[in-house]
Amino acid sequence: MKWIVGGLLLAVVGVVYKRPELMMWVVYCFAGLFASMAFALFFAFSRSKHYGLLLLGCTYLSGAVLSVVLTEWWPLVVGFAMAWVLRAMGMDPVADEAKAEPAAQDGEKKS
């Protein structure tokens, strides 16, 4: 799998190097992915009311909008890095499985 991803990345870099106007479309594609991730996080915020999801969604959306307006790649990288910093600070909600009571070990009964 990593060979496929590496080959695709090498192909994109080669095409962008030969035709720099195609970089604009690569930026637009990644900005679209960031915007869709932001809207998914906004939907999750509307369900759970966890403010970390709202901050993550705003971070991804601002990176996407800024990269489309400037047609540059660096706002996407900065937005992704800021999202990881927010996750490291604990803004990502805990999964439902982690909140649940741990399962009983083999042979033990729940009381």
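In what follows, the accompanying structure is described.

Parameters and conventions
- Residues numbered from 1 in each chain as written.
- Predicted model: local features only at pLDDT ≥ 70, side-chain atom pairs only at ≥ 80, totals over all residues.
- Heavy atoms only, no water.
- Helix = DSSP H or I, 4+ residues; strand = E, 2+ residues; numbered from the N terminus.
- Buried < 20%, exposed > 50% of the residue type's maximum accessible area, 1.4 Å probe, protein only.
- Contact = heavy atoms within 4.5 Å.
- Areas by Shrake-Rupley, 256 points an atom, 1.4 Å probe, with all protein chains shown as cover.
- Expected span 1.5 Å × (residues − 1).
- Core = buried A, V, L, I, M, F, W, Y, C linked by side-chain atoms within 4.5 Å.
- Phe/Tyr/Trp six-rings, centres within 6.5 Å; stacked < 30°, edge-to-face > 60°.

1. A look at the overall build of the chain
Here's step 1: Of regular secondary structure, the chain possesses 5 helices and 0 strands.
Here's step 2: Here the chain holds 111 residues, and the buried ones make up 20% of them.
Here's step 3: Taking the intrachain contacts of the chain between residues at least 6 apart in sequence as the baseline, contacts between residues at least 24 apart amount to 51%.
Here's step 4: Only carbon and sulfur atoms are counted for the fraction: they give 71% of the accessible area of the chain, which is about 8,500 Å².

2. A look at helix 2 (residues 23-48)
Spacing of three or four residues puts side chains on the same side of an α-helix, whose turn is 3.6 residues.
Here's step 1: Taking 1.5 Å per residue as the helical rise, helix 2 with its 26 residues ought to reach 38 Å, and the 37 Å between its terminal C-alpha atoms agrees with that figure.
Here's step 2: For helix 2, the complete set of buried residues consists of Val27, Ala31, Phe34, Ala35, Ala38, Leu41 and Phe45.
Here's step 3: Where helix 2 is buried, its residues contact helix 3 (51-70) and helix 4 (74-88).
Here's step 4: Two residues or fewer after helix 2 comes Lys49, characterised by a positive phi angle close to 60 degrees.

3. Overview of unusual backbone geometry
Here's step 1: Its identity as a non-glycine residue notwithstanding, Lys49 has a phi of 60 degrees, on the positive side.
Here's step 2: Checked against the element boundaries, Lys49 lands in the loop between helix 2 and helix 3.
Here's step 3: Located in the positive-phi region is Thr71, a residue other than glycine, with phi close to 50 degrees.
Here's step 4: For Thr71, a relative accessible area of 32% puts it in the partly exposed group.

4. Describing the nonpolar core
Here's step 1: In terms of nonpolar packing, the biggest core is built from 13 residues, with Phe34, Leu41, Leu56, Tyr60 and Ala64 touching the most fellow members.
Here's step 2: Of all the secondary-structure elements, those providing two or more residues to this core are helix 2, helix 3 and helix 4.
Here's step 3: In this structure, Leu41 is in contact with Leu53, Leu56, Gly57 and Tyr60, ignoring residues within four places of it in sequence.

5. What to know about the packing of aromatic side chains
Here's step 1: Enumeration according to the criterion identifies 5 aromatic pairs in this entry.
Here's step 2: Taken together, a centroid distance of 5.3 Å and an interplanar angle of 80 degrees make the contact between Phe34 and Tyr60 edge-to-face. Here Tyr60 lies in helix 3 and Phe34 lies in helix 2, a separation of 26 residues in the sequence.
Here's step 3: For Phe34, a relative accessible area of 9% gives the class buried.
Here's step 4: Residue Tyr60 is classed as buried on the basis of its relative accessible area of 2%.

Function cannot be read off these values alone, since they describe shape.
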